[in-house]
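Coordinates in review
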Amino acid sequence: MTTVKIAYSPCPNDTFVFDAWAHGRVQGAPRLDVTFADIDITNGMAERGEFDVLKVSYAVLPYVLDEYALLPCGGALGRGCGPLVLTREPGTELAGRTVAVPSEKSTAYLLFRLWAADVVPEGVGQIVVLPFHEIMPAVRDGKVDAGLVIHEARFTYQNYGLHCLADMGEHWESTTGLPIPLGAIIAKRSLGARTLELLAESARASVRMAWDDPVASRPYVLEHAQEMDPAVADQHIGLYVNEFTAGLGEAGYAAVRGLLTRAAAEGLVPPVGPTALAFP
């Protein structure tokens, strides 16, 4: 392939990871034709088979693995980086309450549902899907009782006068001992094994180049960071770009399998086959 159509988010972790590749600095890598879209949009793109390569939620994998393969690098897993449930008052009881979430096909939502099954056995009330940037204002203004937030909201929710009711990542790590699977890089199986391996090598090389020279990626990161404070962007990258971005490894694959197996057992996603995550 000479050009690959790829879609990923404008979030700092994605622009940091793909900067070198997107700007032609990864030797031997195919050229990227980049589309920026938030992850709830890229999830839908994957279900419609619209791009060669996409950054998606791990939660969408059961719906797309027939057409797409999971790349073993480039994505987001980690520790201490899970979604948060925020409320206006500390200690709010969620039974029967309205909770705003960014998507019902997101990893954050799966982690929330698994947490709620353990902690709120009587069940939360209505789930409302809101754009990510509207969730914290909605909680602050009393339009919803709680909000499920991700990414840089970990560093900014206090600015809205909100309280962290629970950390979905802490619950996941304490019950499984595994890292938190958040975002995956997938590529069309129809590209063939050789091309899939080249894509994985290119993604891994781009990550390592960003680590070796983080200053080089800074203009690209800040250009797309949606007026984010540069210090917050740095925290964001530090949290979500780590050893699992360079390679999922045994623990990373165990985390992904664990999430999808638990979610399927709760009836949240279809089950995946034993070889569905194999690469290529």
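The following refers to the structure shown. All figures in this text were calculated on a predicted structure; none of them were measured in a lab.

Calculation rules
- Residues numbered from 1 in each chain as written.
- Predicted model: local features only at pLDDT ≥ 70, side-chain atom pairs only at ≥ 80, totals over all residues.
- Heavy atoms only, no water.
- Salt bridge = Lys/Arg side-chain N within 4 Å of Asp/Glu carboxyl O.
- Helix = DSSP H or I, 4+ residues; strand = E, 2+ residues; numbered from the N terminus.
- Buried < 20%, exposed > 50% of the residue type's maximum accessible area, 1.4 Å probe, protein only.
- Axes fitted to C-alpha atoms, helices over the stretch in contact; angles between N-to-C directions.
- Parallel < 35°, antiparallel > 145°, perpendicular 65-115°, else oblique.
- Contact = heavy atoms within 4.5 Å.
- Nonpolar A, V, L, I, M, F, W, Y, C, P; charged D, E, K, R; others polar.
- Arc of directions from axis to C-beta.
- Pairing = 2+ DSSP bridges.
- Right-handed = clockwise from strand over helix to strand, strands pointing away.

With respect to the pattern of salt bridges
Taken as a whole and judged by the stated rule, the model has 10 salt bridges. A salt bridge links Asp-14 to Lys-55, with the nearest nitrogen and oxygen atoms 2.5 Å apart. Of this pair, Asp-14 sits in helix H1 (residues 12–22) while Lys-55 is found in strand E3 (residues 53–57), placing the two residues 41 residues apart along the sequence. When sorted by exposure, Asp-14 lands in the same class as Lys-55, which is buried. A salt bridge links Asp-234 to Arg-218; its shortest N-O distance comes to 2.7 Å.

Structural notes on the packing of H1 against helix H8 (residues 193–212)
Their axes nearest at 7 Å, the elements H1 and H8 cross at an angle of 110°. Comparing their axes, H8 and H1 come out roughly perpendicular. Residue-level contacts link Phe-16, Val-17, Phe-18, Asp-19, Ala-20 and Trp-21 of H1 to Leu-199, Ser-202, Ala-203, Ser-206, Val-207, Met-209, Ala-210 and Trp-211 of H8. Residues that form the contact of H1 with H8 fall into these classes: 11 nonpolar, two polar and one charged.

Observations concerning helix H9 (residues 214–223)
Listing the buried residues of H9 in full gives Ser-217, Tyr-220 and Val-221. Each buried residue of H9 sits inside an arc of 100° when the element is viewed along its axis, so together they form one side. Every exposed residue of H9 that faces more than 90 degrees away from the buried side is listed here: Val-215, Pro-219 and Glu-223. Tucked into the core, H9 has its buried residues touching strand E1 (3–8), H1, strand E2 (31–36) and helix H10 (230–240).

What to know about the pairing of E1
On a regular strand, one side chain projects to one face of the sheet and the next to the other, so that they alternate. For E1 and E2, the ladder comprises six bridges, and the chain directions are parallel. Within the sheet, the bridge partner assigned to Val-4 lies in E2 and is Leu-32. Between the parallel pair E1 and E2, the chain is carried across by H1, and the sense of this crossover is right-handed. Where E1 meets E3, two bridges bridge the pair, whose relative direction is parallel. Residue pairing across strands places Ile-6 opposite Val-53, the latter belonging to E3.

Quick notes on the sheet that holds strand E9 (residues 146–149)
The strand order across the open sheet formed by five strands is E8-E7-E9-E6-E10, and the pairing between neighbours is mixed. What marks the edges here is a single partner per strand, and that holds for strand E8 (127–129) and strand E10 (163–167). Going across the sheet, the axis of each strand differs from the next one's by a mean of 30°, ignoring polarity. In this sheet, E10 lies alongside strand E6 (residues 84–87) in antiparallel orientation, the contact comprising four bridges. Residue pairing across strands places Val-85 opposite Ala-166, the latter belonging to E10. Helix-sheet contacts for helix H4 (residues 107–119) involve E6, strand E7 (99–101), E8, E9 and E10, and the interaxial angle to E9 is about 130°. Across the sheet, helix H5 (residues 132–140) is in contact with E6, E7 and E9; its angle to E9 comes to roughly 150°.

Taken by themselves, the reported measurements are silent on function.
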